[in-house]
Amino acid sequence: MLRTFFVAFMLIGLVVVNAYSQNRLLQESDLVYLGAFRGPNYWGGSDCNSLAYGGGSMAYNHHNDSLFVSSMCNKVTEITIPTPVKSSDLNSLPRAALLTPSPHYFEPTEGNRNRLGEGGAAISGSVNNRGLLVFGNKLVGTSKVYYDASYQQQLTHYTHSLDLSQPSFAGH
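Residues numbered from 1 in each chain as written. Predicted model: local features only at pLDDT ≥ 70, side-chain atom pairs only at ≥ 80, totals over all residues. Heavy atoms only, no water.

Asks: Explain the packing of aromatic side chains to me, please; I cannot follow it from the model alone.
Replies: If you walk through the whole model with that rule in mind, you get one aromatic pair. Here Tyr158 and Phe169 contribute two aromatic rings whose centre-to-centre distance is 6.1 Å and whose plane-to-plane angle is 35°, an arrangement assigned as tilted. A residue pair is termed long-range when its members are at least 10 positions apart, and Tyr158 in strand E6 (residues 157–161) and Phe169 in the loop between E6 and strand E7 (170–171) qualify at eleven residues. Phe169 carries the same exposure label as Tyr158, and that label is buried. (Phe/Tyr/Trp six-rings, centres within 6.5 Å; stacked < 30°, edge-to-face > 60°. Helix = DSSP H or I, 4+ residues; strand = E, 2+ residues; numbered from the N terminus. Buried < 20%, exposed > 50% of the residue type's maximum accessible area, 1.4 Å probe, protein only.)

This is the structure:
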């Protein structure tokens, strides 16, 4: 069930790209079902650090015609986009492949995820990576505190190179 949700979520990202390239508002008529594909057949030993639970944020990487996808535990990997297939048989759908080198899933803030306080100070609470966007030659991401009742969070955005295996975190 969860893996099916991930496939459906990935397809929505694929069909809306055309409307953005035409510089106009997305309309219902712009959505066309192209088919489906499955995520990579690699779980990395821990469902939390893999895409087994449907992942989180996604960003289209136009440099590689690929997707950056985040896991439930805030790790990011890059996957291929196979040609979608229209089928009700899950086993007939092509699988995406991992493009990121081993260990395949990287924490893009390089241990700085909770440094969202004033001046980059560490804050308490459950901090999650949220949005992803490829802008130029950088991966731009956002982090947020799940429930910031004490208003500690002051910073939100970071960048990382498109090569996740190379240290390059900047921001917060």
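Asks: I tried to follow the sheet that holds strand E5 (residues 138–145) on my own but got confused; where do I start?
Replies: Strands belonging to one sheet form pairs held by backbone hydrogen bonds; the direction of such a pair is parallel or antiparallel. Taken in spatial order, the four strands of this open sheet run E4-E5-E6-E7, and their pairing is antiparallel. Two strands in the sheet have a free side with no partner beyond their single neighbour: strand E4 (127–135) and E7. Of the strand pairs in this sheet, E6 and E7 are connected by two bridges, and their pairing is antiparallel. Directly across from Thr159, in E7, lies its bridge partner Ala170. (Pairing = 2+ DSSP bridges.)

Asks: Just checking my understanding: could you explain the sheet that holds strand E3 (residues 76–80) for this structure?
Replies: Taken together, three strands build an open sheet; the order of strands is E1-E2-E3 and the sheet is antiparallel. Where the open sheet ends on each side, the last strands, each with one partner, are strand E1 (58–61) and E3. Averaged over all pairs of adjacent strands, the angle between their axes in this sheet comes to 25°, without regard to strand direction. Sheet analysis places E1 next to strand E2 (residues 66–70), joined by four bridges and oriented antiparallel. When the sheet's bridge partners are listed, Tyr60 is paired in E2 with Leu67. (Axes fitted to C-alpha atoms, helices over the stretch in contact; angles between N-to-C directions.)

Asks: In this structure, what is going on with the pairing of E3? I would like to understand it.
Replies: In summary, the side chains of a regular strand alternate between the two faces of the sheet. Counted residue by residue, E3 has four buried out of five residues, so it is predominantly covered. Counted along the chain from E2 to the antiparallel partner E3, the turn is five residues long, and its residue Asn74 has a positive phi close to 70°.

Asks: What exactly am I supposed to notice about unusual backbone geometry here?
Replies: Most peptide bonds take the trans configuration, and most residues that are not glycine carry a negative phi. Even without glycine at this site, Asn74 takes up a positive phi of about 70°. As for its position among the elements, Asn74 is in the loop between E2 and E3. Although it is not a glycine, Tyr151 adopts a positive phi angle of roughly 55°. Positionally, Tyr151 belongs in the loop between E5 and E6. By relative accessible area, Tyr151 is classed as exposed at 67%.

Asks: Teacher, can you tell me more about the nonpolar core here?
Replies: A general tendency of soluble globular proteins is for nonpolar side chains to be buried together. In terms of nonpolar packing, the biggest core is built from eleven residues, these being Ala59, Phe68, Val76, Phe106, Leu132, Val134, Leu139, Tyr158, Leu162, Leu164 and Phe169. Grouped together as the second largest cluster of nonpolar side chains are nine residues, Phe37, Leu67, Ile81 and Ala96 included. (Core = buried A, V, L, I, M, F, W, Y, C linked by side-chain atoms within 4.5 Å.)

Asks: Mind showing me how you'd approach the pattern of salt bridges here?
Replies: Two side chains with opposite charge may pair up if their charged atoms get near one another. All chains considered together, the criterion is met by one salt bridge. Between Asp30 and Arg24 there is a salt bridge, and its shortest N-O distance comes to 2.6 Å. (Salt bridge = Lys/Arg side-chain N within 4 Å of Asp/Glu carboxyl O.)

Asks: Honestly, the pairing of E6 in this entry has me stumped. Any pointers?
Replies: Inspection of the sheet shows E5 paired to E6 by five bridges, in the antiparallel sense. Within E6, the position partnered with Leu139 by the bridge is His160.

Asks: For this particular structure, what's the right way to read the environment of Ile123?
Replies: Along the chain, Ile123 falls in the loop between E3 and E4. Here Ile123 is in contact with Asn114, Leu116, Gly117, Val145, Gln152 and Gln153, once residues within four sequence places are set aside. (Contact = heavy atoms within 4.5 Å.)

Asks: I keep staring at the side chain of Asn129 and nothing clicks. Help me out?
Replies: If you trace the backbone, Asn129 turns up in strand E4. One polar contact links Asn129 to Ser143, side chain to side chain, over a distance of 3.0 Å. If we skip the residues at most four places from it in the chain, Asn129 touches Asn74, Glu107, Pro108, Thr109, Arg113, Thr142, Ser143 and Tyr158. (Polar contact = N/O pair within 3.5 Å; in protein donor to acceptor, adjacent residues only side chain to side chain.)

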